[in-house]
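# Inside the fold
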Amino acid sequence: MATINQNYWNLKESYLFSEIASRVLSYQKAHPDAHIIRMGIGDVTLPLPPAVIDAMHKAVEEMGHAETFHGYGPEQGYHFLRQAVGDYYKQKGVCLLPEEIFISDGAKSDLGNILDILGQDNTVLVTDPVYPVYVDTNKMSGRSISYAQANQQNHFLPMPDPHLTADIIYLCSPNNPTGAAYSRQQLKEWVDFANQNDSVLLFDAAYEAFVTEDLPRSIYEIEGAKTCAIEFCSFSKTAGFTGTRCGYTVVPLELVRQETSLNKLWLRRQTTKFNGVPYIVQRGAAAVFSPEGQEQVKHNIDYYRHNAQMITDTLDKLGIWYTGGKNSPYIWLKCPHDMDSWTFFDFLLENAHVVGTPGEGFGSCGEGYFRLTAFSSHEMTRTAMDRFYAILRQK
Ligand code: PLP
C-alpha cells in the first residue's frame, strides 16, 4: 500500500483568505448596494511596464522562426538575465558572479524548494507574525519550528537571542506582513549569529525595491553574508510579474556546510527537477533592467508608495500606531480601541466597507494588529481612507 507524507496532517487549514472571502461574500449578499474596497490583497493592480511588453512581443516573434526559436533553455536561466541581475546588484555595491544567480518562476517556489538541499533534521527559526509559506513548507517535511516573537517593543524586528539557536533562519525585510525593515546594524547581528552557529540564513528580499530610506536591500550588503545566506527575490511586486512568474535566488559560491558547496547542490537540484523559466518571460524580466524599464518600474512603485502615504497620513491623523508604509507596500497597524484582529475586520467591513487582513492570521503575535496594502488604485485608496477616518474619528 502506498502511504502518504503524513506531515501534511500537521498543516493547519489555510483558513485566512478563505475566511475573509466568506465574510465578505455574506456581507455583500446581505448588503448588495455596499461598495466594498479590498485593501487586503497582496496582488498588484498596475499592468506590466511597456518595456517588458515590447521585449516579450519581440521574444514571441523569435519563437515563430526556426532561426531564432528557443527550446529548452539553461535550467538556471539565460546568461543575459543572470548578467542583468548581477549588474543590478552592482548598483547596491554587491558583486555576484552569474553562476551565483539562479532564475526561478518566482520566490515562493524557491523558498519551498530550497529545503530539498538542507537536512531533514535541521531546526528552523521563523518570526511570528510570519509569511505562512516558511512555516508550511517546513511542516510538510516534518522539521521542528521555533518562533522569534515580533511585537511593538522590538518594532516587529526580532533580534537573535542565544536561547533561539536554529540551523535554518528565515528573515524577510522589508517584511510581509508587518512592513518593518531591518537596519544594517541589525542584519549584521543576524549574519554574525548565523555564521557563529553555522546556520543558513534564508533571506527573502521580495520587497527590496520598496525601500526608500538608507536601509539594506540585499543581505549581501552585510559583511559576512556570503558565508551564511541565500537570498530570494522576485519580479512580482517590483515589476508586476505576479501572473507572469519570474524571480531569482542567489546562492553564493562561498556558502559551504559539511564541506559541501550549497551552490553546487542547488545547481544539481535545479538541473534535476526544474526546466527553467520560459524564454519569453526571461526576455520580459531582462527588460526591467533596461533604462526605460527601470524608469517605468520606478513610476509604478512610486504610485504604490503614494497609496501607502495616504494610508499612513490617515493613521497619523488618528493617532494609530503602525509599522511599514515607508519602505514597504504593507502597513501594519494596531487595532484601535484594543479590538482583536477579527473584531476590527468586521467593524471595518460593516462600517466602512473596507476589507483588510487580520494580523492574527499570520501568527499569534499578530493578534490585535491588522494589515492594509498599498496595491489598490489612488481613487480606491483615497475613498477607503476617507471612510476609515470618518468611522474612527467618531469612535
Ligand atoms: N515572499 C514574500 C514575503 C511574499 O509576500 C511573496 C508574495 O506575496 C512571495 C515571497 C512570493 O513571490 P512570488 O510571486 O515571486 O512567488
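Heads up: the structure comes first, above all this text.
Only a predicted model underlies this, so the values are computations on that prediction, with no experimental measurement involved.

### Points about the sheet that holds strand β2 (residues 101–104)
Taken together, seven strands build an open sheet; the order of strands is β2-β8-β7-β6-β5-β3-β4 and the sheet is mixed. Either end of the sheet is taken by a strand with one partner, and the two such strands are β2 and β4 (145–149). Neighbour-to-neighbour, the strand axes of this sheet turn through a mean angle of 25 degrees, independent of strand direction. Strand direction decides the pairing type here: strand β3 (residues 124–128) and β4, joined by five bridges, are parallel. Bridge assignment links D128 to a residue of β4, and that residue is Q149.

### A look at the pairing of β3
Burial of β3 is extensive: five of the five residues sit out of reach of the surface. As defined by bridge partners, β3 adjoins strand β5 (residues 168–172) across two bridges and the pair is classed as parallel. Bridge pairing links V124 to I168 in β5.

### Quick word on helix α12 (residues 378–394)
Taking 1.5 Å of rise per residue, the 17 residues of α12 would be expected to cover 24 Å, and the 25 Å separating its terminal C-alpha atoms lies within 8% of that figure. Residues T381, A384, M385, F388, I391 and L392 constitute the buried set of α12. Projected down its long axis, α12 carries its buried residues within an arc of 135 degrees, all on one side. With respect to the buried face of α12, the exposed residues turned more than 90 degrees away are E379, R393 and Q394. In this structure, the buried residues of α12 make contact with β1 (37–38), α10 (291–318), β12 (330–334), α11 (341–352), β13 (354–355) and β15 (369–373).

### Regarding the packing of aromatic side chains
The relative placement of two aromatic rings is captured by the distance of their centres and the angle of their planes. Scanning the model with the defined rule gives 29 aromatic pairs in all. Relative to Y304, the ring of Y303 lies with its centre 6.0 Å away and its plane at 85 degrees, an arrangement referred to as edge-to-face. With relative accessibility at 3%, the residue Y304 sits in the buried group. Between F344 and F388, the ring centres sit 6.2 Å apart and the planes meet at 80 degrees, which makes this aromatic pair edge-to-face. Here F388 lies in helix α12 and F344 lies in helix α11, a separation of 44 residues in the sequence. For the pair F344 and F388, a shared accessibility class is recorded, and that class is buried. A network of ring pairs unites the aromatic residues Y88, Y89, F235, F241, Y248 and F289 as a single cluster. Lying over the aromatic face of Y89, K92 brings its terminal NZ or CZ to 4.4 Å of the ring centre. The side chain of R283 reaches across the aromatic face of F80, ending 3.7 Å from its centre.

Procedures and definitions
- Residues numbered from 1 in each chain as written.
- Predicted model: local features only at pLDDT ≥ 70, side-chain atom pairs only at ≥ 80, totals over all residues.
- Heavy atoms only, no water.
- Pairing = 2+ DSSP bridges.
- Helix = DSSP H or I, 4+ residues; strand = E, 2+ residues; numbered from the N terminus.
- Axes fitted to C-alpha atoms, helices over the stretch in contact; angles between N-to-C directions.
- Buried < 20%, exposed > 50% of the residue type's maximum accessible area, 1.4 Å probe, protein only.
- Expected span 1.5 Å × (residues − 1).
- Arc of directions from axis to C-beta.
- Contact = heavy atoms within 4.5 Å.
- Phe/Tyr/Trp six-rings, centres within 6.5 Å; stacked < 30°, edge-to-face > 60°.
- Lys NZ or Arg CZ within 6 Å of the ring centre and 35° of its normal.

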